[in-house]
Amino acid sequence: FNFPTHIFRSAAGELFVTDSLDFRIEIFDEAGKPLGFFGRHGDGSGDLAMPKGIAVDGDGIVYVVDGIFDNVQLFDRRGTFLLTLGARGVDFGEFWLPTGATITPGGELYVCDTYNHRIQVFRITPGYAADVS
């Protein structure tokens, strides 16, 4: 690791870790055995500049909070980019240095919107993100 910042345990028991200064997400089984990783440094869609939070929903969609891009990027379990949620700003659905995320069993995505001094809550529609790609 090069500055790991957050960890999330999926419903399947996998551990997802934001490896911030390696600009990637590392995945491990419950025993700590590496299962793979995805991500690369860059400034385009699907690239990572500062992954600062991570969550995984019941469909296996990975939500990566990026503090530099001020957004949440969605990936499938293999690391294929699906879509982006948010942009820099102060309105609903916009972020300013987001730094963390979690997903409830009921399908709510909570994003820590640090400089806006709030937590934003989004309702996840099961199967929707998986159908976008």
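Scroll up to find the structure this text is about.
What counts and what doesn't
Residues numbered from 1 in each chain as written. Predicted model: local features only at pLDDT ≥ 70, side-chain atom pairs only at ≥ 80, totals over all residues. Heavy atoms only, no water. Helix = DSSP H or I, 4+ residues; strand = E, 2+ residues; numbered from the N terminus. Contact = heavy atoms within 4.5 Å. Areas by Shrake-Rupley, 256 points an atom, 1.4 Å probe, with all protein chains shown as cover. Patch = residues over 30% accessible without salt bridge, like charges linked within 9 Å, V, L, I, M, F, W, Y side chains within 5 Å. Salt bridge = Lys/Arg side-chain N within 4 Å of Asp/Glu carboxyl O. Buried < 20%, exposed > 50% of the residue type's maximum accessible area, 1.4 Å probe, protein only. Pairing = 2+ DSSP bridges. Axes fitted to C-alpha atoms, helices over the stretch in contact; angles between N-to-C directions.

Colleague: Go over the overall build of the chain with me, naming the residues and quoting the values.
Modeller: From N to C terminus, the chain includes one helix and eleven strands. The helix and strand sequence of the chain, counted from the amino end, reads β-β-β-β-β-β-β-β-β-β-β-α. Overall size of the chain, expressed as C-alpha extent along the three principal axes, is 40 × 30 × 25 Å. Put simply, 34% of the contacts in the chain that link residues at least 6 apart link residues at least 24 apart. Summing over all exposed atoms, the chain offers an accessible surface of approximately 6800 Å²; the carbon and sulfur share of this is 56%.

Colleague: Got a sec to walk through a nonpolar patch on the surface? Specific residues and values, please.
Modeller: On the surface, Val-90, Trp-96 and Tyr-115 cluster together into a nonpolar patch covering about 320 Å² of accessible area. Position of Tyr-115 among the secondary structure elements: in the loop between β10 (108-113) and β11 (118-123). Since its relative accessible area comes to 45%, Tyr-115 is described here as partly exposed.

Colleague: Lay out the sheet that holds strand β2 (residues 15-19) with the relevant residues and their values.
Modeller: Sheet architecture is open: four strands sit in the order β1-β2-β3-β4, paired in antiparallel fashion. Across the chains shown, the open sheet's two edge strands, defined by having one partner strand only, are β1 (4-9) and β4 (34-38). The mean angle between the axes of side-by-side strands here comes to 20°, regardless of whether they run parallel or antiparallel. Inspection of the sheet shows β1 paired to β2 by five bridges, in the antiparallel sense. Bridged to Pro-4 within β2 is Asp-19.

That is the geometry; function is a separate question.
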